[in-house]
Structure formats: structure tokens, C-alpha cells
Amino acid sequence: MWFSRFREIGRAVGQAQRFRVIVGVFLKYGYDDIAVKLPLTGMWRWLPTRRFRREQAALATLPRSERLRRAFEELGPAFVKLGQLLAGRTRLLPRDYIAELTKLQDRVPPVPFAEVEAVLAEELRRPSGECFSRIDATPLGSASIAQVHRAWLSDGADAVIKVQRPHIERTVRTDLEIMGRLAELLEHHVEGWAAHQPTAIVAEFTRRMEQELDFSSEVAGMERFARQFTDNPTVRVPRVYRPLSTRRMLTMERIDGIPATQLAALDAAGLDRAEIARRLADLTLRQIFVHGFFHADPHPGNVHILPGNEVFFLEFGMTGFLIHEQRDALGALPVASAQRD
């Protein structure tokens, strides 16, 4: 009992420290006009002195939208992903904010390979060398939640490992709880914010992040997506190595493709862009109306093209379902639009 109480006290202290950092960053980037309307006792005593004021004055010359984007970048993974979510809410924010938030890139410096190996050993419950003949220490990519390394299985198969950054789940969950508290304060104490439903946005975002933090959910999504397109030669999903995949690591076959936005590279490879566009449209409609299960994050980095104009989907951390009633409603929408109903 005492141990659990001490743990709760430690968690509360950690949250308070992080809360102070988050509020301080937004104040530094010139959002003190909103902060003063929130019932946060003693907030102004938290401010550092001259250095803080100098930074605040220098940043004040930037457009307000750019300051918000920079604040999200400084605050890290959860806020970067929240900004990316908000960038798709074109009716919620002005155009200049949308334009700035679309610049948010989910790329961060990689963690040392020794820390990656420690996570792998913990998840596999044995040294990674017993499962892989080799793992490239230089990551293929590094994002806020995980980084990806090329690897070779014991039988020589070429693979990639997506491994969660150490302690990232704890960091993200702390930020999600603080976001929820800030959203409640905005909704109840700042005029005009209730209509935007910030608490509902944060709740939706929290569900997304919880799904993204659980790689076993991504594995299930990849396998379901692959099954529903088994007989469709226009789409490909990487094979998952389940015995080498857990909640914090995902091992799959390595497939090289060309990102869908690299038009010059597509042309140089002799691929047919018009056919690719038709296939993407067909696959999107099939996900929605035929299967009711869809890839919920099909941005250009997650859609690659293979020889023969084959569409290759990556990153199934976010997927979605549509029940029959929702599919029927979506099907009725273009008909109603055509009839001006």
C-alpha cells in the first residue's frame, strides 16, 4: 500500500514538472493571452527571468501560426502528432495555421543502438543475436515513437524491425493526461473554445495514440488488411514475423518501393502514374464500401509503388472500422449530392 502511494506521489510530481514545462513553452511562444484566462494559480511565478523574456521578445516577431508549430516541435512526440491531427481539421483552424502545422515532421534524432538492443532483448526475453543473424546499427528511419532498423533473420531473410523508443509510452501518457486537463480548462474558461470541443479532440487523439503505442494492434491491422486483399494483385502488404513481434517491436519483410509523391522517380522507373491513381482510388473505395476496414493514415510516406504499378502500404499504426450503417450513409452521400438533396 505504501509503495503504491509513493508511486502515485512520484507520478504526480513528474506530471507537475512536465505541466510546468508545457505551460512555459506556450508562454514563451507568445500564448500568454490565453494563459492568463486559465485558472492556474501562481503560473507567472514559474517564468524564468531575463533569458525567458529575451527569447519571448525574439519569437514575438514570428507569425502566430509559426509560433504554434514551433511550440509543438519543442514539446515533442505527442504534441507533434496532435499538430498533425489538427492539420487535417481544415474547418477548425485558419488556413495559415493549417499550412504551418502540415510542416510538422515526425523525425527526431535516433537513440543509441545499445538502447535499441536493450528493448529488443527485453521484448524477446533473450539476446537479439539468437533471433537475428545481423541487425544494422544505423537506423533506416527515426520517428518520435519508434525507429526502424534493417535486419536479417537466422535463415537469411531480409527484414526490418520497428522498435519503440525507450520510455516513450510513459512520456506520451503523461503528455496525454496533461493535454486532457488543458483542454478542459480551455473549454470551460476561455470564451469561444467550447464550440471547438477541445476535450473531444484530445479524447479522439488519445485513442489514436494508444493504438499507435501498441504494435500488436498494428500487427493485427496489417494481417487483416492483407487478408482482405489476398486475391487483389494491385496491392501488397509486408509479411509480419509474429514470433519476432510484440507490443513494443514489430518485425516484417523488407520491401523497397518508390514513395508515391516522387513523381520523377516513378517516371524514371517506367511506372504509369494514371494507372497508379486509378488503383489508389479503387483501393480506397474498396476499403470503405466493401471491407469496412481501412488504413487511417495513408499519407504519401506510407504509400509506396512497386514494379508493375503495385501499391505498397506501410505503417498500420492507425486503422479504422465502418459498420454497415456508416457505409450505407456514405454510399447515399454522392447520390444525394447529385440530386441536390
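No experiment lies behind these values; they were computed from the predicted model shown. (Residues numbered from 1 in each chain as written. Predicted model: local features only at pLDDT ≥ 70, side-chain atom pairs only at ≥ 80, totals over all residues. Heavy atoms only, no water.)

The next thing to look at is the side chain of Asn232. Residue placement: Asn232 occurs in the loop between helix 10 (215–228) and strand 5 (235–236). Here the side chain of Asn232 touches Thr234 through a polar contact of 2.5 Å, side chain to side chain. Non-local contacts of Asn232, meaning those with residues more than four positions away in its chain, are made with Leu283 and Arg286. (Helix = DSSP H or I, 4+ residues; strand = E, 2+ residues; numbered from the N terminus. Polar contact = N/O pair within 3.5 Å; in protein donor to acceptor, adjacent residues only side chain to side chain. Contact = heavy atoms within 4.5 Å.)

A separate point is the environment of Val160. Following the sequence through the fold, Val160 ends up in strand 4 (residues 158–164). Residue Val160 is classed as buried on the basis of its relative accessible area of 11%. When the C-alpha atoms of Val160 and Leu271 are compared, they prove to be 25 Å apart, with 111 residues separating the residues in sequence. (Buried < 20%, exposed > 50% of the residue type's maximum accessible area, 1.4 Å probe, protein only.)

We now examine the packing of helix 5 (residues 77–87) against helix 8 (residues 168–189). Contact geometry for helix 5 and helix 8: axes closest at 8 Å, N-to-C directions at 60°. Classified by the interaxial angle, the pair formed by helix 5 and helix 8 is oblique. Taken together, the residues of helix 8 that come into contact with helix 5 (itself represented by Pro77, Ala78, Phe79 and Leu82) are Ile168, Val172, Asp175 and Met179. Taken together, the residues that form the contact of helix 5 with helix 8 break down as seven nonpolar, no polar and one charged. (Axes fitted to C-alpha atoms, helices over the stretch in contact; angles between N-to-C directions. Parallel < 35°, antiparallel > 145°, perpendicular 65-115°, else oblique. Nonpolar A, V, L, I, M, F, W, Y, C, P; charged D, E, K, R; others polar.)

Now for the pattern of salt bridges. Using the criterion set out here, one finds 27 salt bridges in the structure. Between Glu223 and Arg242 there is a salt bridge; the shortest N-O distance is 2.9 Å. Here Glu223, found in helix 10, pairs with Arg242, found in the loop between strand 5 and strand 6 (249–253); they are 19 residues apart in sequence, far enough to count as distant. On the basis of relative accessibility, which here comes to 24%, the residue Glu223 falls in the partly exposed class. Sharing partners across several salt bridges, the network here consists of Glu66, Arg69, Arg70, Glu73, Glu100 and Lys103. (Salt bridge = Lys/Arg side-chain N within 4 Å of Asp/Glu carboxyl O.)

Ranked by internal contacts, the top residues of the largest apolar core, which has 67 residues, are Phe26, Phe72, Val172, Met179, Phe225 and Phe313. Among the elements that make up this core, the one with the highest residue count is helix 8 (nine residues). The contact partners of Phe225, leaving out residues within four places of it in the chain, are Val235, Val237, Gln287, Phe293, His295, Phe313 and Phe316. Among the nonpolar cores identified, the runner-up in size contains 17 residues, and Val116, Ile135, Tyr241 and Met249 belong to it. (Core = buried A, V, L, I, M, F, W, Y, C linked by side-chain atoms within 4.5 Å.)

To continue, consider a nonpolar patch on the surface. There is a patch of nonpolar side chains on the surface, built from Leu285, Phe289, Val290, Leu330 and Leu333 and spanning about 450 Å² of accessible area. Contributions of two or more residues to the nonpolar patch are made by helix 12 (273–291) and helix 13 (324–338). Per-element accounting of the nonpolar patch gives the leading share, three residues, to helix 12. Among the residues examined, Leu333 registers a relative accessible area of 55% and is labelled exposed. (Patch = residues over 30% accessible without salt bridge, like charges linked within 9 Å, V, L, I, M, F, W, Y side chains within 5 Å. Areas by Shrake-Rupley, 256 points an atom, 1.4 Å probe, with all protein chains shown as cover.)

The next point concerns the layout of surface pockets. In this structure, the largest pocket occupies an estimated 1600 Å³ of space. Lining the largest pocket are 49 residues, with Ala143, His299, Gly301, Asn302 and Glu315 sitting closest to its centre. Of all elements in the fold, only helix 5, strand 2 (141–142), strand 3 (146–153), strand 4, helix 9 (198–213), helix 10, strand 6 and strand 10 (310–313) reach the threshold of two or more residues within the lining of the largest pocket. Each residue belonging to the lining of the largest pocket can be placed in one class, and the counts come to 25 nonpolar, 13 polar and eleven charged. Of the voids in this model, the second largest pocket is the one considered here, and its volume is about 840 Å³. With four residues, helix 8 is the single largest residue contributor to the lining of the second largest pocket. Here the residues of the lining of the second largest pocket are counted per class, giving 26 nonpolar, one polar and three charged. (1 Å grid on protein atoms, 1.4 Å probe; cavity = no way out; pocket = protein on both sides within 12 Å on 5 of 7 lines; lining within 4 Å. Points joined across faces, edges and corners; volume = space filled by probe spheres on them.)

One open sheet holds the four strands; their spatial order is 5-10-9-7, and the pairing between them is mixed. The open sheet has two edge strands, strand 5 and strand 7 (258–259), and neither has a second partner. The pairing of strand 5 with strand 10 spans two bridges and is parallel. Looking at strand 10, one finds that Arg236 is bridged to Phe312. (Pairing = 2+ DSSP bridges.)

So, about the packing of aromatic side chains. Tallied over the full model, the rule gives eight aromatic pairs. An aromatic cluster is defined as three or more aromatic residues linked by ring pairs; in this entry it consists of Phe26, Tyr31, Phe72 and Phe79. Seen from the ring of Trp152, Arg134 lies directly overhead, with NZ or CZ sitting 4.1 Å from the centre. For Arg181, the ring lying beneath its charged end belongs to Phe19, and the centroid distance is 4.7 Å. (Phe/Tyr/Trp six-rings, centres within 6.5 Å; stacked < 30°, edge-to-face > 60°. Lys NZ or Arg CZ within 6 Å of the ring centre and 35° of its normal.)

Here helix 12 spans 25 Å end to end across 19 residues, near enough to the 27 Å set by a 1.5 Å rise per residue. The sharpest bend along helix 12 reaches about 25° and sits at Leu285. Contacts from the buried residues of helix 12 go to helix 10, strand 5, helix 11 (263–268), strand 8 (293–295), strand 9 (303–306) and strand 10. The backbone nitrogen of Ala274 lies 3.1 Å from a side-chain oxygen of the residue at the head of helix 12, namely Asp272. Two residues or fewer past helix 12, Gly292 is found with a positive phi of approximately 70°. (Expected span 1.5 Å × (residues − 1). Bend = angle between axes of the 7 residues up to and from the residue.)

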